[in-house]
Structures are given as structure tokens and as C-alpha cells.
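What the coordinates show
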Amino acid sequence: MGAREKLFGWKDPYDTEGTEEVFTAAMRENAAYSYAHCPEYRAVLDDQGFSPEDLRTTEDLARLPFLPTAFLKAHHLFAMPRSRMLIRASSSGTSGAGRSEIGLEPGALAAGARMVVKIASPRHILSAMPCHYVIFGYPPRGTSTAAAKTAFGYTFLAPALSRTYAMRKTEGGYVPDLNGAVRALVRLGKSPFPTRLMGFPSYTYFALKRMEERGLSVRLPAGSSVMLGGGWKQHWRERPEKGELYALIRRTLGIPEEAVMESYGAAEHPILYCDCPAHRFHVPVYSRVIIRDPWTLEPLPMGKIGLVNLLTPMIFATPVLSVLTDDLGILHPGGDCTCGKKSPWLEIIGRAGMEEIRTCAAGAEALLAGMREEGAGT
Ligand SMILES: [Zn+2]
């Protein structure tokens, strides 16, 4: 059994301390593979004088050269022939900005499936009770983005009676149809079956705000839930306090805070960060997070704000074992959370350099313009 399989089979998905050794071994295994099979990755390591064998202890992880997500958008790197990849997902991106393409081989998918079951089961999202889905995101055929694929995958966690997508195709591309989403929610409020809302927190928030502005509210049946994912992207400045969002969800849909969860992830780092009951993103054993100084790129101690560097040995097909995102975040020590999880938790603050934002949900300007138009017409 390889180190990756051992890591993804680990019993407690938040046992950071217990997995230090196996995590480093899995990263070394992955780095050696990527070095041998991806010439571009080898060039990066050679250029920085780093050998996969240099990965011996946890401290060495910070010295492993990382690839910025902007680099992965400009250069599609693979360490396997495409025929061996079962899925190729791309990151979201505006039409002109380029997208990263991530291949997933069977071993990565198997590891990912074990991870989802381990992380998601305690939140009771695997269910035999059929439900309706309202997705604040793209239909699966509308785009090849990882976010859309993930959202579509989540609609199989409980049997689907219906799927309503809040993003509608127009001649100019996809635009959020908030009014359509509100109509669907009001209609589903009369169904005896639960409804699950999922997708971008921004559009979920905007739709529920609109619902409330119109004096509409429903009481969705028990078992209904909200799964927010994909982050606030270009809408991060409009992000409300978490408590305000939960209160809005309760008022408009009758869904309690315990049934609202949020996930964090990136196409270049498909690890499932699911928030705990205290709504914190504890880092699971499958990954490590290093916060780096935005100017020197040196690792920062816990509690300091910086660029989020995500590490995982999950994928062999694409050398994404250490990627530097343009997210700004803080890593907090574990153990002080009321949920009892011992692993550190990641707080996402926002995005670095507004002018550098290239990974908005899909054509940020077009979307915003579409929303303003729609808002003006109602
Ligand atoms: Zn917690």
C-alpha cells in the first residue's frame, strides 16, 4: 500500500499530529512521481535546487517549491497520459484569464471518495430520503468547472426528485436567475419532501435577501439543508457576517443553523474542507496549509494573515501537490474550538490584489452587469 492510500484510509480525518509521518511520506512519494513524469515540474524543482528526497520531516514541506494557481492557469501540467485520467476538471475563470486544468486518475478519485465519506458522514448529508435540489451554480453540462462537477456530484448524496439551477444560459453566457430561484423555493415550500440548497454563498444570499424583500418565507420540511461552497469570489466585499446569513436562512426557509454547512476548496486542490458545528474549516489529514507572507513568500506563524498555500498528495496525474492560491487567510491553532477537533482551522479573509483576481465565478463583469440589469428591472 502506498503512503497516499494509508493517509486517505486514516481513521480520524482530523488527526493532524498522528499523520505527520505518513503525510510527509505521501508528499515525498508524490513529488518523486511528479518529478519523474512531468518535465515542467522537474524543471521547477531543479531550478530551486530541491529534490523529492529532501522531504523528510514536516518542516521540509514549507521548502517544497509551490506552483501559484496563476501559473497553473497559464500552463497545463500533466504527469500522466490523458488516457489514464478519468476526469479533467477546470477551475472557474473569466474567458480571457485562462483556467487551470486538473486531471484526476483512478487512484485520486478513489482517495477522494474515501475522503468525502469520512468528512461528510458526520454532517448527515448522505441520506436515503429523496429531496429537491436548488443549486446556486452552473448546470453540469453548462461548464466543465470543478465547482459545477462537485455540485452535481453532491446531488447524489440523497436521491434527487428535482434539480433547479439558479444560473441560466443567455446569449451572453450564464447569468444568475434570482427570481427563478425564489419562485422555485416558494413552490418547494409546499412539497412534503425536504429541499437542499447548494452552491455559491453569494447567490444564495442574494436570492434569500430578495425573497425577504418581497415578504416571502417558507418552512421547508425537516431534513432540508444548505450546503454553501465555492467561496464568495468576486462578491467577497458583500459578504455578510456569518450569523446574519444563518439568521436570514432561518427566517426565509425555516432551516436551522445546524443544517447549514459550508465547504472550501479549489479546483487545483480538491480537498473537502467542511465547516464544523462552530463553522470553522478544520484542515483534514489529507492536506496541510501554510500561510505565506505576500511579499517575501516566507511561511508565517499561526494567527498571521497571508497567502494560502495548500498541500496535498491526493493527485498524481497533475503536479498540484503544493499550490499557492490568491486567497488571503489565517491559520488558527486547533484545540480551542468548541467542536473538539484538534486540527488547525483555516479562516479565509478575502482575495489578494483586486486587479489580480482572475478566478471569479464566471465572467465576473458580465455576471454583475446581468445582476444589476435584473435588479433594475424588478
Ligand atoms: Zn471546530
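Residues numbered from 1 in each chain as written. Predicted model: local features only at pLDDT ≥ 70, side-chain atom pairs only at ≥ 80, totals over all residues.

**Observations concerning the environment of Leu188**
Inspection of the secondary structure assignment puts Leu188 in helix α7 (residues 178-188). For the pair formed by Leu188 and Pro221, sequence separation is 33 residues and the distance between their alpha carbons is 9.6 Å. (Helix = DSSP H or I, 4+ residues; strand = E, 2+ residues; numbered from the N terminus.)

**What about helix α2 (residues 20-37)?**
A rise of 1.5 Å per residue sets the reference length of α2, with its 18 residues, at 26 Å; its end C-alpha atoms lie 26 Å apart and thus fit the reference within 8%. Residues of α2 that are buried include every one of Phe23, Thr24, Ala26, Met27, Arg28, Asn30, Ala31, Tyr33, Ser34 and Tyr35, and no others. On its buried face, α2 is in contact with α1 (3-8), α3 (39-47), β13 (288-292) and β14 (305-311). (Expected span 1.5 Å × (residues − 1). Buried ≥ 20, exposed ≤ 12 C-beta atoms within 10 Å, placed from the backbone. Contact = placed C-beta atoms within 7 Å.)

**Quick notes on the packing of α7 against helix α8 (residues 201-213)**
Between α7 and α8, the shortest axis-to-axis distance is 9 Å and the interhelical angle comes to 65°. Taken together, α7 and α8 sit at an angle that is classed as roughly perpendicular. Where α7 crosses over α8, the handedness of that crossing is right-handed. Of the residues in α8, those in contact with Leu178, Ala181, Val182 and Leu185 of α7 are Phe206, Ala207, Arg210 and Met211. When the residues that make up the contact of α7 with α8 are grouped by side-chain class, the tally is 7 nonpolar, no polar and 1 charged. (Axes fitted to C-alpha atoms, helices over the stretch in contact; angles between N-to-C directions. Parallel < 35°, antiparallel > 145°, perpendicular 65-115°, else oblique. Left-handed = near helix turned anticlockwise from the far one by under 90°. Nonpolar A, V, L, I, M, F, W, Y, C, P; charged D, E, K, R; others polar.)

**With respect to the confidence of the model for the protein**
Caution applies to low-pLDDT regions: their predicted coordinates should not be interpreted in detail. Per-residue confidence for the protein averages 85 on the pLDDT scale, and 88% of its residues sit at or above 70. Confidence drops under a pLDDT of 50 for residues 354-378, and excluding neighbours within four residues, the segment shows 38 contacts in the predicted structure. (pLDDT = per-residue confidence, 0-100.)

**Some points on helix α9 (residues 242-253)**
Given a rise of 1.5 Å per residue, 12 residues ought to cover 16 Å, and the 16 Å separating the end C-alpha atoms of α9 matches this to within 8%. Within α9 the residues assigned to the buried category are Leu245, Ile249, Thr252 and Leu253. Burial along α9 is one-sided: seen end-on, the buried residues are contained in an arc of 85°. Counted as exposed and oriented over 90 degrees from the buried face of α9: Gly243 and Glu244. Looking at the buried positions of α9, the neighbouring elements they touch are α7, α8, β9 (225-229) and β10 (260-266). Immediately beyond the C-terminal end of α9, within one or two residues, lies Gly254, with a positive phi of roughly 75°. (Arc of directions from axis to C-beta.)

**Here's the deal with the pairing of β10**
One face of the sheet, then the other: side chains in a regular strand alternate in exactly this way. Of all 7 residues in β10, 6 are buried; the element is thus mostly enclosed. As defined by bridge partners, β9 adjoins β10 across 4 bridges and the pair is classed as parallel. The partner of Gly229 across the bridge, within β10, is Ser263. Each parallel crossover has a hand, and the one from β9 via α9 to β10 is right-handed. Here β10 pairs with strand β11 (residues 269-274) via 3 bridges, running antiparallel. For Tyr264, the partnering residue across the bridge sits in β11 and is Tyr273. (Pairing = 2+ DSSP bridges. Right-handed = clockwise from strand over helix to strand, strands pointing away.)

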